Amino acid sequence: MSDTTIKPRIEKAPVLERITTALPIALVPVLAVLGFVAIGDPAAWLTLTVAGLAMGLMIFIMASGLTVVFGLMDVINFGHGAFISVGAFVGFSILIWLGGWTASSSVFLNLAAVFLAILVSMVATGLMGYAFERVIVMPVYGQHLKQILVTMGGLIVAQQLIHVFWGPDEIHVARPESLRGSIVIGEAAIEKYRLVAVGIGVALFLAMRHVLKSTKIGLLVRAGVENGEMVEALGYRIRRLFLIVFMVGSALAGLGGVMWGLYQETITAHMGSEIMVLVFIVVIIGGLGSVEGCFIGALLVGLLSNYTAFLAPKVALVSTIALMVIILMWRPQGLYPVVKAK
Amino acid sequence: MKEPLLTLSGVHTHIGPYHILQGVDLVVPKGGVSVLLGRNGAGKTTTLRTIMGLWQASEGTILFEGQDITKLPTPEISRAGIAFVPEDMGIFTDLTVAENMTLAAARGPLDPDRLEWIKTLFPPIRTFWESSAGTLSGGQKQMLSVARAIIEPRKLILIDEPTKGLAPAIIKAMSDALLELKETDTTILLVEQNFSMASAVGDTVSVMDDGHIVHAGEMAELAGDARMQERLMGLSLEAHQ
């Protein structure tokens, strides 16, 4: 075939379009600067900013699985909060079991206990995700109303099972010895645990980006989000991919549950469903199916919650919803939608 | 008559309340290009999607190399050696051209020799290798879609209206590419509304109407008989030249 009749036609996107694409990334530093101006006190601002980033990254950990599940499988999983609660309780049990390690003054033993608690929680919630997908979600693929009903039913069952195994009361979770207290930088006190949460959150985001951009399974997930039918026509068993992604999403919710439990220092059977309000806000702000959008949305929600809680506590309750409304007025599909709303 | 590669016998397909295929009997011989013609809504696309397992046949059998594939899931049908180029091209626009091609090589890494052949067949694949597939023009996307289907050796390629909405120069290029593909071991089942293009590349032809095959024979016979074209499809070859 001759190339003479087909002229290559590709141009760099116009400058305005490139700026528009990059704008959401700039929202986080812009919000931080606005927070600095409004708060005035650099020490308080630094403390609140680290707290906001930590909170945002923990929400990102919980929300990232949900957004990929929604994008790839078109499943609205209202039961996602169950994995957060179960993850927190399983992690708590492991930390109790490793009480000697958590009470030790050794940083290594403390971190090893947290690592094991996270690992076991992720395995437990990953397996729970397997059962949830096979029994509850699989029969209702493509039926959104039924998905909402049965996944909420699954959430209620999971909450009641937590009551059966761990009792109905709120449980206090003590952080390991070396994760208690703060580091003082100038006049700012920054909790050690928040720094750990920031580290884990950023590492997870980079790992997810690497997997999605640089591995074949990541390619499959991105392609599946866009056109699952075509992925099947190329010879891939997308139902198997669905299951793997659902299990990974559930395991990430379990990880988020452990971290959120240690952050709040109390856990309840309903903690998952309570945090799901913020998780859904982050997923909607980020754009359905987008890990990058979810990351930016989580940071915005975390920072805004902390700044407004300091500046105007009464406004804090509605600030995240207001943020979502403003973002949706600007970009009705969210910051970086992968799945376009029909 | 050549040995049949694909045989549909009494295939019915329902989509929701609609009875689209109403007993399709179709034989695709091994080698060459078989063309499926028919007016809009006759059931051509449904036939391809049913063969591919994207819509399930409610009745009838589909044999591929003598094996019943009627109830097989789509990935198994693909792995049996059937590729599909859908009408909407099915390009992953968020992925680069290279990523689209990598994903299409489902059985292993890209074969450099075969990739080089494809790049010669479709030069834009080489030109835009690292570009986002979403930035390609319609014709380039169609080339990528066909290139993806042939990145691994396939026994049968189902192609649904590859020239729809394309400029004449691109249609000519696509036609040339299909003629070159004919020289390989690959069999092509082509759904096409552009009769000039179909008659230029086709060896055999089947005509559909209202969910049935109403005519099957040699393409040369249909191309040479304006009255038969008028009777079967309500068109004349001259009108398309």
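Residues numbered from 1 in each chain as written. Chains lettered and ligands numbered in written order. Predicted model: local features only at pLDDT ≥ 70, side-chain atom pairs only at ≥ 80, totals over all residues. Heavy atoms only, no water.

**Remarks on the overall build of chain A**
Okay, step 1: When helices and strands are counted, chain A shows twelve helices and four strands.
Okay, step 2: Its C-alpha atoms give chain A a radius of gyration of 21 Å, near enough to 20 Å, the size a compact globule of 342 residues would have.
Okay, step 3: The C-alpha extent of chain A, read off along each of the three principal axes, is 75 × 50 × 35 Å.
Okay, step 4: Of the accessible surface of chain A, which amounts to about 15300 Å², a share of 72% is contributed by carbon and sulfur atoms.
Okay, step 5: With 21 positive and 17 negative side-chain charges, chain A shows a spacing of 8 Å between the two charge centroids. (Helix = DSSP H or I, 4+ residues; strand = E, 2+ residues; numbered from the N terminus. Rg over C-alpha atoms; globule rule 2.2 N^0.38 Å. Areas by Shrake-Rupley, 256 points an atom, 1.4 Å probe, with all protein chains shown as cover. Lys, Arg positive; Asp, Glu negative; His and termini not counted. Charge placed at Lys NZ, Arg CZ, Asp CG, Glu CD.)

**Examining the overall build of chain B**
Okay, step 1: The number of helices and strands found in chain B is ten helices and ten strands.
Okay, step 2: A globule of 241 residues ought to have a C-alpha radius of gyration of about 18 Å, and chain B, at 17 Å, matches this closely.
Okay, step 3: Principal-axis analysis of the C-alpha atoms places the extent of chain B at approximately 45 × 40 × 35 Å.
Okay, step 4: Looking at chain B residue by residue over its 241 residues, the buried ones come to 57%.
Okay, step 5: Partitioning the intrachain contacts of chain B with sequence separation of at least 6 by distance along the chain shows that 68% fall at a separation of at least 24.
Okay, step 6: Surface exposure of chain B reaches about 9600 Å², of which carbon and sulfur atoms provide 52%.
Okay, step 7: One way to put it: in chain B the 20 positive side-chain charges average out to a point 2 Å from where the 30 negative ones average out. (Buried < 20%, exposed > 50% of the residue type's maximum accessible area, 1.4 Å probe, protein only. Contact = heavy atoms within 4.5 Å.)

**Topic: the nonpolar core**
Okay, step 1: Formed by 181 residues in total, the largest nonpolar core has its most connected members in Phe60 of chain A together with Leu6, Phe122 and Leu189 of chain B.
Okay, step 2: With 17 residues, the top contributor of residues to this core is helix 2 (residues 42-73) of chain A.
Okay, step 3: Discounting chain neighbours no more than four positions away, the residues touching Phe60 of chain A are Gly201, Leu204, Phe205, Met208, Val291, Cys294, Phe295 and Ala298 of chain A. (Core = buried A, V, L, I, M, F, W, Y, C linked by side-chain atoms within 4.5 Å.)

**Examining the pattern of salt bridges**
Okay, step 1: Counted under the stated rule, the structure contains 18 salt bridges over all chains.
Okay, step 2: The partner of Glu292 of chain A in a salt bridge is Lys213 of chain A, with the nearest N and O atoms 3.7 Å apart. Separated by 79 residues along the polypeptide, Glu292 of chain A in helix 11 (residues 291-311) and Lys213 of chain A in helix 7 (residues 192-214) bring together distant segments of the chain.
Okay, step 3: Overall, the relative accessible area of 38% leaves Lys213 of chain A in the partly exposed class.
Okay, step 4: The salt bridge involving Arg237 of chain A is made with Glu76 of chain B; its shortest N-O contact spans 2.9 Å. Taken as a pair, Arg237 of chain A in the loop between helix 8 (216-233) and helix 9 (238-264) and Glu76 of chain B in helix 2 (residues 74-79) lie in two separate chains rather than in one.
Okay, step 5: Salt bridges here are not isolated pairs; linked through shared partners, they connect Arg175, Glu191 and Arg194 of chain A. (Salt bridge = Lys/Arg side-chain N within 4 Å of Asp/Glu carboxyl O.)

**Concerning the interface of chain A and chain B**
Okay, step 1: Taken together, the contact pairs 26 residues of chain A with 44 residues of chain B.
Okay, step 2: When chain A packs against chain B, close to 2900 Å² is buried across both sides, 60% of that on carbon and sulfur atoms.
Okay, step 3: At the boundary of chain A with chain B, the tally comes to three salt bridges.
Okay, step 4: For Glu99 of chain B, the salt bridge identified is with Arg222 of chain A, shortest N-O distance 3.4 Å.
Okay, step 5: Taken together, chain A and chain B are joined by twelve residue pairs in polar contact (both at pLDDT 80 or more).
Okay, step 6: Examining the composition of the side of chain A that touches chain B, we find that twelve residues originate from one element, helix 8 of chain A, more than from any other.
Okay, step 7: By residue class, the composition of the side of chain A that touches chain B is 13 nonpolar, three polar and ten charged. (Buried area = accessible area lost by both parts, 1.4 Å probe. Polar contact = N/O pair within 3.5 Å; in protein donor to acceptor, adjacent residues only side chain to side chain. Nonpolar A, V, L, I, M, F, W, Y, C, P; charged D, E, K, R; others polar.)

**Quick word on the side chain of Thr204 of chain B**
All names here are of chain B.
Okay, step 1: Here Thr204 shows up in strand 9 (residues 204-209).
Okay, step 2: A relative accessible area of 16% places Thr204 in the buried class.
Okay, step 3: Once residues within four sequence positions are removed from consideration, Thr204 is found in contact with Pro29, Val33, Ser34, Val35, Gly217, Glu218 and Met219.

**Concerning the pairing of strand 10 (residues 212-218) of chain B**
All names here are of chain B.
Okay, step 1: Relative to strand 10, strand 9 runs antiparallel, the two sharing six bridges. When the sheet's bridge partners are listed, Thr204 is paired in strand 10 with Glu218.
Okay, step 2: The loop that links strand 9 with its antiparallel partner strand 10 comprises two residues; one of these, Asp210, has a positive phi angle of about 50°. (Pairing = 2+ DSSP bridges.)

**Comments concerning the packing of helix 8 of chain A against helix 9 of chain A**
Residues and elements named next belong to chain A.
Okay, step 1: Relative orientation of the contacting elements helix 8 and helix 9 amounts to 135°, with a least axis distance of 10 Å. Between helix 8 and helix 9, the angle is such that the two are oblique. Seen from above, helix 8 lies across helix 9 with left-handed handedness. Residues Ile217, Leu220, Val221, Gly224, Gly228, Val231 and Glu232 of helix 8 lie in contact with helix 9, whose contacting residues are Ile238, Leu241 and Val245.
Okay, step 2: When the residues that make up the contact of helix 8 with helix 9 are grouped by side-chain class, the tally is seven nonpolar, two polar and one charged. (Axes fitted to C-alpha atoms, helices over the stretch in contact; angles between N-to-C directions. Parallel < 35°, antiparallel > 145°, perpendicular 65-115°, else oblique. Left-handed = near helix turned anticlockwise from the far one by under 90°.)

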